[in-house]
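Observations on chain architecture
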Amino acid sequence: MRAIWKGAVSFGLVSIGVKLYSATEEKDIRFHQVHRADGGRIRYKRTCQVCGEEVTYDDIAKGYDLGGGEMVILTDEDFAELPLTSSRAIDVLEFVPAEQVDPILYNKAYFLEPEGSATKPYVLLRDALADSERVAIVKVALRQREQLATLRVREGVLLLNTMLWPDEVRTPDFGFLDEDLKVRPPELAMASSLIDSMAGTFEPDAFTDDYRAALQEVIDAKVEGREVVQPEEEEAAPAAAVDLMAALKASVERARAARGEEPARGAGEPTPISAARSAQQAAKKAAKAPAKKAAEKKAAAKKAEPAKKAAAKKTAEKKAAKAPAKKAAAKKAAPRKTA
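Keep in mind the model is a prediction, meaning the values are calculated, not measured. (Residues numbered from 1 in each chain as written. Predicted model: local features only at pLDDT ≥ 70, side-chain atom pairs only at ≥ 80, totals over all residues. Heavy atoms only, no water.)

**Details of the overall build of the chain**
Scanning the chain for helices and strands turns up six helices and nine strands. Across the 339 residues of the chain, 17% fall into the buried class. With the model as given, the accessible surface of the chain reaches about 28,100 Å², and the carbon-plus-sulfur share is 55%. (Helix = DSSP H or I, 4+ residues; strand = E, 2+ residues; numbered from the N terminus. Buried < 20%, exposed > 50% of the residue type's maximum accessible area, 1.4 Å probe, protein only. Areas by Shrake-Rupley, 256 points an atom, 1.4 Å probe, with all protein chains shown as cover.)

As structure tokens, then:
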């Protein structure tokens, strides 16, 4: 790495010489604009809109647009007279709990390396800062601009995070914030279940830039003169959900399946709301069961009574029909008297 700035951390009466290095780097694949026909690089000329002449860097100044075609021109001398406390100092202002710093304020990160004989005071500040569990709020002048920043410890090194000024953070102004929207408890419980089912430990190395990898594969294939293998299509994003509860429930089941967890009896694991509903339904069924059995027994008895009467009547009719035949047979079987 190459140092981009040299200065000193001012910590009370202690001054610690340091070098500043960019702590991050963009991995984006960069392209040049070229002529499609022959691949020639496209160059842009710096020309003046007033006289039309090409202008060199030495003749370029900074201008502030006042509107209406008026422009205020500032020279290097004007910037040199600005009241920057020091262009080579990192002034520690106070130490605050890290959770009090809103992450939206963080801008860029830089590593600080001790320079020369400043190693011991550097380590002293590092260890004291780590033990305090706080971050240092500092001011620093970088690239002719005074910036607010924090100092904290990361992997044994002091890390400088430049910050945005509070007035550089926009205030959200959206219509829905004024609407009186109510979230039902069952929906909130199901959303909480979805969060619990997708909970995990953040491991940055587990995530990759798939687009950049695919783009690099296209470039490598063109260089080697081979065909590009098309990546597998990702599953299309679901359409807007009509039934929010159904969508949340399906999301919970999908998250559990992705983790290899067993679904709970065909429907995902019961949530507090669904468990309460199941208990209420079971209690209602248990209360209805004796009454249902008594009603079924009574209905069976009613059904059996007509059938019993019909069977008795049918038996009586059969007996009545058989009586004359029986008498006739008996009469025939009796012996005849002789004269």
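**Here we look at the sheet that holds strand 9 (residues 157–163)**
Taken together, seven strands build a closed barrel; the order of strands is 1-2-6-9-8-7-5 and the barrel is mixed. Each adjacent strand pair in this sheet contributes to an overall mean axis angle of 40 degrees, direction not counted. Relative to strand 6 (residues 106–114), strand 2 (residues 14–22) is paired through five bridges, and the arrangement is antiparallel. Bridge pairing in strand 6 links Val 18 to Pro 114. Set on the sheet, helix 2 (residues 119–132) makes contact with strand 1 (5–11), strand 2, strand 5 (89–97), strand 6, strand 7 (134–142), strand 8 (145–154) and strand 9; between it and strand 9 the angle comes to about 70 degrees. (Pairing = 2+ DSSP bridges. Axes fitted to C-alpha atoms, helices over the stretch in contact; angles between N-to-C directions. Contact = heavy atoms within 4.5 Å.)

**Considerations on the pairing of strand 4 (residues 70–74)**
Relative to strand 4, strand 3 (residues 62–67) is paired through five bridges, and the arrangement is antiparallel. Within strand 4, the position partnered with Lys 62 by the bridge is Leu 74. Joining the antiparallel neighbours strand 3 and strand 4 is a turn of two residues, in which Gly 68 adopts a positive phi near 70 degrees.

**Things to note about a negative patch on the surface**
A cluster of acidic residues, Asp 76, Glu 77, Asp 78 and Glu 81, forms a negative patch at the surface. Relative to the helices and strands, Asp 78 resides in helix 1 (residues 76–80). (Patch = residues over 30% accessible without salt bridge, like charges linked within 9 Å, V, L, I, M, F, W, Y side chains within 5 Å. Salt bridge = Lys/Arg side-chain N within 4 Å of Asp/Glu carboxyl O. Lys, Arg positive; Asp, Glu negative; His and termini not counted. Charge placed at Lys NZ, Arg CZ, Asp CG, Glu CD.)

**Things to note about the pattern of salt bridges**
For the coordinates displayed, the defined rule picks out 10 salt bridges. Here Arg 30 and Glu 26 are joined by a salt bridge, their closest N and O atoms 3.7 Å apart. By relative accessible area, which is 67% here, Arg 30 ends up exposed. Residue classification places Glu 26 among the exposed residues on the basis of a relative accessible area of 64%. Salt-bridge contacts for Arg 212 lead to Asp 209; the nearest nitrogen and oxygen are separated by 3.5 Å.

**Quick notes on helix 5 (residues 244–258)**
Between its first and last C-alpha atoms helix 5 spans 21 Å; for 15 residues at 1.5 Å apiece the expected length is 21 Å, and the two agree. Buried within helix 5 are the following residues: Met 245, Leu 248, Val 252, Ala 255 and Arg 256. Considered in projection along helix 5, the buried side chains sweep an arc of 100 degrees and stay on one side of the axis. For helix 5, exposure combined with an orientation more than 90 degrees from the buried face picks out Arg 254, Ala 257 and Ala 258. Summarising the contacts, the buried residues of helix 5 are in contact with helix 3 (185–197). Phi for Gly 260, located one or two positions after helix 5, is positive at around 80 degrees. (Expected span 1.5 Å × (residues − 1). Arc of directions from axis to C-beta.)

**Notes on the confidence of the model for the chain**
Close inspection of predicted coordinates is inappropriate for parts of the model with low pLDDT. For the chain, the mean per-residue pLDDT works out to 79, and 71% of the residues sit at or above 70. When mean pLDDT is compared element by element in the chain, strand 9 scores highest at 96, while helix 6 (residues 272–333) scores lowest at 55. This model gives residues 266–276 a pLDDT under 50, and the stretch forms 13 contacts once residues within four places in sequence are excluded. (pLDDT = per-residue confidence, 0-100.)

**Here's the deal with the state of the cysteines**
Covalent bonding between the sulfur atoms of two cysteines is what defines a disulfide. Counted according to the given criterion, the structure contains zero disulfides. Considering cysteine sulfurs only, Cys 51 is the nearest to Cys 48, which forms no disulfide, with 3.8 Å between them. (Disulfide = S-S within 2.5 Å.)

**Side note on the environment of Ala 130**
Structurally, the position occupied by Ala 130 is in helix 2. Given a relative accessible area of 41%, Ala 130 falls into the partly exposed group. Between the C-alpha atom of Ala 130 and that of Leu 158, which follows or precedes it by 28 residues, the distance is 9.8 Å.

**Brief notes about the packing of aromatic side chains**
Tallied over the entire structure, the rule returns three aromatic pairs. Relative to Phe 176, the ring of Phe 174 lies with its centre 6.3 Å away and its plane at 20 degrees, an arrangement referred to as stacked. Taking relative accessible area as the criterion, Phe 174 reaches 49% and is therefore assigned partly exposed. Lying over the aromatic face of Tyr 57, Arg 46 brings its terminal NZ or CZ to 4.0 Å of the ring centre. (Phe/Tyr/Trp six-rings, centres within 6.5 Å; stacked < 30°, edge-to-face > 60°. Lys NZ or Arg CZ within 6 Å of the ring centre and 35° of its normal.)

**Focus: the side chain of Gln 147**
Position of Gln 147 relative to the elements: it lies in strand 8. In this structure Gln 147 touches Val 138, Lys 139, Val 140, Leu 142, Thr 162 and Trp 165, once residues within four positions along its chain are discounted.

**Details of the pairing of strand 6**
Examined bridge by bridge, strand 6 and strand 9 share five bridges and lie antiparallel to one another. Counterpart to Tyr 106 in the pairing with strand 9 is Met 163.

**As for unusual backbone geometry**
Although it is not a glycine, Glu 133 adopts a positive phi angle of roughly 55 degrees. Looking at the element boundaries, Glu 133 is found in the loop between helix 2 and strand 7. Its identity is not glycine, yet Glu 155 carries a phi of approximately 50 degrees, on the positive side. Tracing the backbone shows Glu 155 in the loop between strand 8 and strand 9. In this structure Glu 155 comes out as exposed when scored by relative accessible area, which is 71%.

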